[in-house]
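Okay, here's what each chain looks like letter by letter:
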Amino acid sequence: MSAYPPQHVPQKLRAYLEDYPECVDRLQRALDRAFEKLLSGTPAYEQAIWALDAELLAAQADAEQEADEAKRRGDADAEKAAQAKRLRLAHAGGSLSSFTAELWLALKAEAP
């Protein structure tokens, strides 16, 4: 059991991914799993970042697969949409620290 209360995907990140609510849900589940079993000796914020980063990478891979499948079907619109999603997720992952200041502050304030 975590010493921290439940954490949420930071608002700035949720807003950035507002067109992809399924991705925000995935990130929330990853964050929930991370806080269910925090590793001792590693700061909670680092573990949260690892969980969010890993899930963003997995979602990017899924979006790439969606684009490939759309291309095979000859669905240019679906391919373009999946590529846009992949790029948005890649940018979110590459800029994760700028999206998570809210989480940092919450964890710092709630540190056991």
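The structure under discussion appears in the preceding block.
*Asks:* I tried to follow the packing of aromatic side chains on my own but got confused; where do I start?
*Replies:* Geometry of an aromatic ring pair is reported as the spacing of the ring centres plus the angle between the planes. Per the stated rule, a full pass over the model turns up three aromatic pairs. A centroid spacing of 6.0 Å and a plane angle of 80° characterise the contact between Tyr4 and Phe35, whose relative ring orientation is edge-to-face. Of this pair, Tyr4 sits in the segment before α1 (11-16) while Phe35 sits in helix α2 (residues 21-36), placing them 31 residues apart in sequence. On the basis of relative accessibility, which here comes to 16%, the residue Tyr4 falls in the buried class. Ring centres of Tyr45 and Trp104 lie 5.1 Å apart, and the angle between their planes is 75°; on these two criteria the pair is classed as edge-to-face. In this pair, Tyr45 sits in helix α3 (residues 44-73) while Trp104 sits in helix α6 (residues 101-110), placing the two residues 59 residues apart along the sequence. Exposure remark for Tyr45: the relative accessible area of 19% places this residue in the buried category. Judged by its relative accessible area of 41%, Trp104 falls in the partly exposed class. Above the ring of Tyr16, the side-chain terminus of Arg88 is found at 4.0 Å from the ring centroid.

*Asks:* For this particular structure, what's the right way to read the packing of α3 against α6?
*Replies:* For the pair α3 and α6, interaxial distance at closest approach is 10 Å and the crossing angle is 150°. Remark: the crossing between α3 and α6 carries right-handed chirality. Contact residues: Ala44, Tyr45, Ala48 and Leu52 in α3; Leu103, Trp104 and Leu107 in α6. The class makeup of the residues in the contact of α3 with α6 is seven nonpolar, no polar and no charged.

About the cut-offs
Residues numbered from 1 in each chain as written. Predicted model: local features only at pLDDT ≥ 70, side-chain atom pairs only at ≥ 80, totals over all residues. Heavy atoms only, no water. Phe/Tyr/Trp six-rings, centres within 6.5 Å; stacked < 30°, edge-to-face > 60°. Helix = DSSP H or I, 4+ residues; strand = E, 2+ residues; numbered from the N terminus. Buried < 20%, exposed > 50% of the residue type's maximum accessible area, 1.4 Å probe, protein only. Lys NZ or Arg CZ within 6 Å of the ring centre and 35° of its normal. Axes fitted to C-alpha atoms, helices over the stretch in contact; angles between N-to-C directions. Left-handed = near helix turned anticlockwise from the far one by under 90°. Contact = heavy atoms within 4.5 Å. Nonpolar A, V, L, I, M, F, W, Y, C, P; charged D, E, K, R; others polar.

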